Structure formats: C-alpha cells, structure tokens
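Notes for the structure review
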Amino acid sequence: MPEHASGLSSVARPFPIDDVRRRFPSLARDAGFLFFDNAAGAQIPATVLEAVTDHLLARNVQRGGPYRHSREVDAAIARARESVAAFVNARSADEIAFGLNATSFIRAISLAVGQTLDSRPEIVVSDLDHEANVATWLALQRVGARIVWWHARVGDDGARLHAADLEPLLTTRTRLVACTMASNATGSLVDVADVARRAHAVGAEVFLDAVHYAPHGPIDVQALDCDYLVCSGYKVFAPHMGFACCRREAINRLPTFREDFIPDVTPDKLEAGTYAYENVAGMNAAVAYLEALGRGAADAVRGGERAGLEMSRAEALRAAMSAIAEYERGLSTSLLDEAAGIPGVTVHGVTARDRLHERVPTLCFSVAGREASAIASALAARDVGVRSGHMYSPRLMARLGLLPHGAVRASLVHYNTAGEIARFGAALREAIDVRQ
C-alpha cells in the first residue's frame, strides 16, 4: 500500500492544527459548520484564493503570445508543472498534464489505449473503484476489449483489494490494470506498488486513480512504478481542475487526440484545448502551502529553523504528507471510536485500530432501520456536511448489500479536528433519535 513512513514519522511537537486551520478562511467564515464532505471537494488556503485572483486580474489571457501577460501565463503553467511534479515525485515536469478533472483524463487515456489492444485485449478493473475508473474501461468492450474483474474481499477484512487475488488474473494478454489508491467510499488503501510489480511482470501497464488518496499521504510515482496516474486538484486544496502524471515512454506511444499542429509528446498531447489557467495557478499555490507545512515539520523534528530549508521540494512535500498521514490516523481512531459507541451504526471498511495504516479518515457507515439520505439530511440540519448514496461506487455498495439507498460517508482531511468529531458524534446520536 502507499508508504506513509518517513524520517519524520515521530514528530517532536503536535501537528500544528491551529496554524493549519488559520490558513483556510472558509473554516472561520462558517465556523459553526462541520466540513465532513471533503472527499467531494476540500476547502482552500487563503494563498490559493490569492493566486487565482491574481491570475485573473493580472494575466487573464491566452498563453503562447509574445506580450508580457501571455508570457507570464506560460511561466505560471511551467511553475505549476514543476510543483505538481515535485508533489508526485515525477521524473520531470514534462510528465505532468493539466485539464478539467481526473475523469476527463481517464477517458482520454482509455480511448487511446483502446486503439492499442492488438494481442493484449484484456483490461483489469475492480469493483472497489470509483465508477469513473470502471465505466471508461468498460466502454472499450465495443472496440474488442475483454474486461477482467478483480473483486474486493468483502467481510471482516473491511472490503479491500488484495494484490494476491490479482495474480491469477494476469496473463500475457493483459494490456492494463486500472485501480484506485484508496477507495473513495470506504477509505481502504490498496497496495498499488505490489499491483505494479505483478502487472509489469507480465508486460502489462498500470493506471492509478489517486483522487481519494492524494490529500492523505505521500505519492511517489517512481517508487510506485505506475505508468499513468490521475488526480483532481480540488480534492487537494486547490480549485476545480485535474492533472495527470504519465510515464513519457507510455503516453507518447498512445494515439491521443490533438490538433495536428500540437506536439505529439507529453504534456501537450494530453492537453486538448484551453483549460482554466487560473485554477492551475491555484494548484501551484496549494502545493506551495503543503511544501511550507513540510518544511515546518522538518524544523520541528530536527530542531532549528533551517532544517526545512535544506530539503528539496519533493522531500518537503513528502514530509508534509507524512505528517498529515500520521495526524489523520488519530482522526481515524476518533471517528471509529465515535461510531463504535452509537447503537445501530455499522462501519464499512477497515476498523481494526492496529490497521489504521490501511485506511484514510473516511467513515462509511449505515444505520439500522434508517435510510442513508435521511441520516445525511438530519446531519445537514445540524450543520454537519456529509454525503449519502452509492458514492460513485455502486458495484462496491452492491457487494456490501447497501443498495438501493447506499451508505453515509463522513470524509475528513488534515484541517479537521478531534473536537469536530465529538460534535459529529453528538449530532449523529441526535439524528438517529429523530423519527422519520
């Protein structure tokens, strides 16, 4: 599974939650509200808002022109590529492409892969995944793809994918394995490095959906050895946009759509048309926020104020995401403890306290005798934002026996607190006591 550990795993001071929360103006603006629906989109730091506004005011023009404003757009995009490359530890910035969202990248890449099936027509997909990373590959059946299902184990294990179950599905006819890094429904992690090792052993490629995992821990595409990775920036404290990190040798072989005058190499070949440059500027600022958090964590651990300055950007970002992962394990504990103390609540996902490294602070649950939507509405009436339904993972919900109504999902990130979880628990108790 994604590795959380780093040289900063034992911090010398508590996670700086008060400082973190001060950086997110929406938390103060709506102080009575619990933002517990972060899997659908996180809040943004003030610096991200400032970056978006600055772009729109100072350089709201098209790139590629000879005048100053346009050259500044080119430079802003180049900086953002470098920042995102550091965030995922890509080999170079040219492996980063920007666009609308993760789904649009999955579709663009799947359409290209569909033209290269030849003697390898098999695509492995999982029933743990977000439907965006399933339906896009299922659509290739009309051009000859054969879909092979990798099923999650459902039961006491907590609805998880096991790489050992993937092994017998892989053959010399496997073209690609598509899977998530973390379930957007249950928060369970997937050992994607092991997935890549097994897939590459038979000559297949690996496509990773990092959307749900990205806010919760470090990503190292070189260590994971994936061929394609997609993410939506608005889950990582940025505005609505998406990015892809593709191994250049893999993506440059694909026949992606582009105008004839656009270079047929990454990143250009994946960036069809104009995207929202201001949101890319915001993504750059979001990475800068995380980088500063990581440098601060290094200063706290090593002592003095220069430890963080001595780190590379990639190292600082890994330090930030490792510190976030450690702090969020405490949030997971508090969430699970609250749920365990409420009669009628069943948690779907990893619940063992000695396996917190196998999950992120996403609580998927159902309440005996109550529809998920009724619970979510009752919580909303108490200023708690959660989500209900199939969470865009209807196949997993069917495996869990939760359709047609689905489940309730509370999804936290590093600006949430144990105190907020206590308020959530109290509100949930009240919501359950209210008659329909």
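Residues numbered from 1 in each chain as written. Predicted model: local features only at pLDDT ≥ 70, side-chain atom pairs only at ≥ 80, totals over all residues. Heavy atoms only, no water.

**Concerning the overall build of the chain**
Secondary structure assignment for the chain yields 15 helices and 13 strands. Taking 436 residues into account, the globule formula puts the C-alpha radius of gyration at 22 Å, and the chain, at 21 Å, falls close to it. Seen through its C-alpha atoms, the chain measures out along the principal axes to roughly 65 × 50 × 40 Å. Counted over contacts in the chain with a minimum sequence separation of 6, partners at least 24 positions apart contribute 71%. Roughly 17,200 Å² of accessible area belongs to the chain as shown, and the carbon and sulfur atoms make up 51% of that amount. Averaging the coordinates of the 46 positive side-chain charges in the chain and doing the same for the 51 negative ones gives two points 2 Å apart. (Helix = DSSP H or I, 4+ residues; strand = E, 2+ residues; numbered from the N terminus. Rg over C-alpha atoms; globule rule 2.2 N^0.38 Å. Contact = heavy atoms within 4.5 Å. Areas by Shrake-Rupley, 256 points an atom, 1.4 Å probe, with all protein chains shown as cover. Lys, Arg positive; Asp, Glu negative; His and termini not counted. Charge placed at Lys NZ, Arg CZ, Asp CG, Glu CD.)

**Here's the deal with the sheet that holds strand S12 (residues 387–389)**
If you walk across this open sheet you meet the four strands as S9-S10-S13-S12, and the pairing is antiparallel. Here the strands that pair on one side only, and so sit at the sheet edges, are strand S9 (345–347) and S12. Strand-to-strand twist in this sheet, taken as the mean axis angle between neighbours without regard to direction, amounts to 30 degrees. Here S9 runs beside strand S10 (residues 362–367); their pairing, made up of three bridges, is antiparallel. Following the sheet pairing, Val347 is matched in S10 by Phe365. (Pairing = 2+ DSSP bridges. Axes fitted to C-alpha atoms, helices over the stretch in contact; angles between N-to-C directions.)

**Quick word on the environment of Leu317**
Turning to its location among the elements, Leu317 is positioned in helix H12 (residues 313–340). Of the residues examined, Leu317 reaches a relative accessible area of 1% and is grouped as buried. Separated by 255 residues in sequence, Leu317 and Gln62 have C-alpha atoms that sit 30 Å apart. Contacts of Leu317, omitting those with residues within four sequence positions, involve Ser83, Ala86, Phe87, Val287, Leu290 and Glu291. (Buried < 20%, exposed > 50% of the residue type's maximum accessible area, 1.4 Å probe, protein only.)

**A short note on the environment of Met241**
Residue placement: Met241 occurs in the loop between strand S7 (228–232) and strand S8 (242–246). Between the C-alpha atoms of Met241 and Gly99, which are 142 residues apart in sequence, the distance is 6.1 Å. Every residue in contact with Met241, bar those within four places of it in the chain, is listed here: Phe98, Gly99, Leu100, Asn101, Ser232, Gly233, Tyr234, Asn279, Val280 and Met283.

**Quick look at the confidence of the model for the chain**
Taken residue by residue, the chain gives an average pLDDT of 94. The fraction at 70 or more is 95%. Note on residues 1–12: pLDDT under 50 across the span, and 40 contacts to partners over four residues away in sequence or across chains. (pLDDT = per-residue confidence, 0-100.)

**Looking at the nonpolar core**
By size, the foremost hydrophobic cluster in this structure holds 115 residues, and its most contacted members are Phe98, Ile219 and Phe424. Excluding residues within four positions of it along the chain, Phe424 makes contact with Leu34, Phe36, Leu335, Leu363, Phe365, Leu379, Val384, Val386 and Ala410. Counting 29 residues, the second-largest nonpolar core is a separate cluster that includes Leu117, Tyr228, Ala244 and Cys246. (Core = buried A, V, L, I, M, F, W, Y, C linked by side-chain atoms within 4.5 Å.)

**Details of the pattern of salt bridges**
Close approach of charged atoms allows side chains of opposite charge to pair. Tallied over the entire structure, the rule returns 34 salt bridges. Notably, a salt bridge pairs Asp127 with Arg399, separated by 2.6 Å at the nearest N-O pair. With a gap of 272 residues between them, Asp127 in the loop between strand S3 (122–126) and helix H6 (132–138) and Arg399 in helix H14 (residues 394–399) connect regions that are remote in the sequence. Residue Arg399 is classed as partly exposed on the basis of its relative accessible area of 36%. A salt bridge links Glu291 to Arg313; the nearest nitrogen and oxygen atoms lie 3.1 Å apart. Here Arg313 lies in helix H12 and Glu291 lies in helix H11 (residues 277–302), a separation of 22 residues in the sequence. The network of salt bridges with common partners includes Asp54, Arg59, Arg68 and Glu72. (Salt bridge = Lys/Arg side-chain N within 4 Å of Asp/Glu carboxyl O.)

**Regarding the environment of Ala272**
With respect to the secondary-structure elements, Ala272 resides in the loop between helix H10 (248–251) and H11. Expressed as a C-alpha distance, the spacing of Ala272 and Phe98, which sit 174 residues apart in the sequence, is 9.6 Å.

**What about helix H4 (residues 68–88)?**
Given 3.6 residues to a turn, an α-helix orients residues that are three or four positions apart in the same direction. A rise of 1.5 Å per residue sets the reference length of H4, with its 21 residues, at 30 Å; its end C-alpha atoms lie 31 Å apart and thus fit the reference within 8%. Turning to H4, its buried residues number three or more, namely Ser70, Val73, Ala76, Ile77, Ala80, Arg81, Ser83, Val84, Ala85, Ala86, Phe87 and Val88. Two residues or fewer past H4, Asn89 is found with a positive phi of approximately 55 degrees. (Expected span 1.5 Å × (residues − 1).)

**Describing the sheet that holds S3**
Spatial ordering of the open sheet is given by S2-S8-S7-S6-S5-S3-S4, a layout of seven strands whose pairing is mixed. The sheet is open, and its two borders are formed by strand S2 (96–99) and strand S4 (146–150), each paired with just one other strand. Strand-to-strand twist in this sheet, taken as the mean axis angle between neighbours without regard to direction, amounts to 20 degrees. Where strand S6 (residues 205–209) lies against S7, three bridges are found, and the strand directions are parallel. Bridge pairing in S7 places Asp209 opposite Val230. Each of S2 and S8 is contacted by H4, which is oriented at about 115 degrees to S2, the strand it contacts most. Together, S4, strand S5 (174–180) and S6 form the strand contacts of helix H8 (residues 192–201), whose direction differs from that of S6 by roughly 160 degrees.

**Digging into the packing of aromatic side chains**
Within a pair of aromatic rings, the relevant descriptors are the distance that separates the centres and the angle that separates the planes. Summed over the entire model, instances satisfying the criterion amount to twelve aromatic pairs. Between Phe15 and Tyr327, the aromatic rings sit 4.4 Å apart at their centres with planes inclined by 20 degrees, giving stacked as the arrangement. Of this pair, Phe15 sits in the segment before helix H1 (17–22) while Tyr327 is found in helix H12, placing the two residues 312 residues apart along the sequence. Given the relative accessible area of 14%, Phe15 is considered buried. Assessed through its relative accessible area of 18%, Tyr327 is described here as buried. Between Tyr275 and Tyr277, the ring centres sit 5.3 Å apart and the planes meet at 85 degrees, which makes this aromatic pair edge-to-face. As far as burial versus exposure is concerned, Tyr275 and Tyr277 are alike and both buried. Three or more aromatic residues joined by ring pairs form one cluster here, namely Phe24, Phe237, Tyr289 and Tyr415. (Phe/Tyr/Trp six-rings, centres within 6.5 Å; stacked < 30°, edge-to-face > 60°.)

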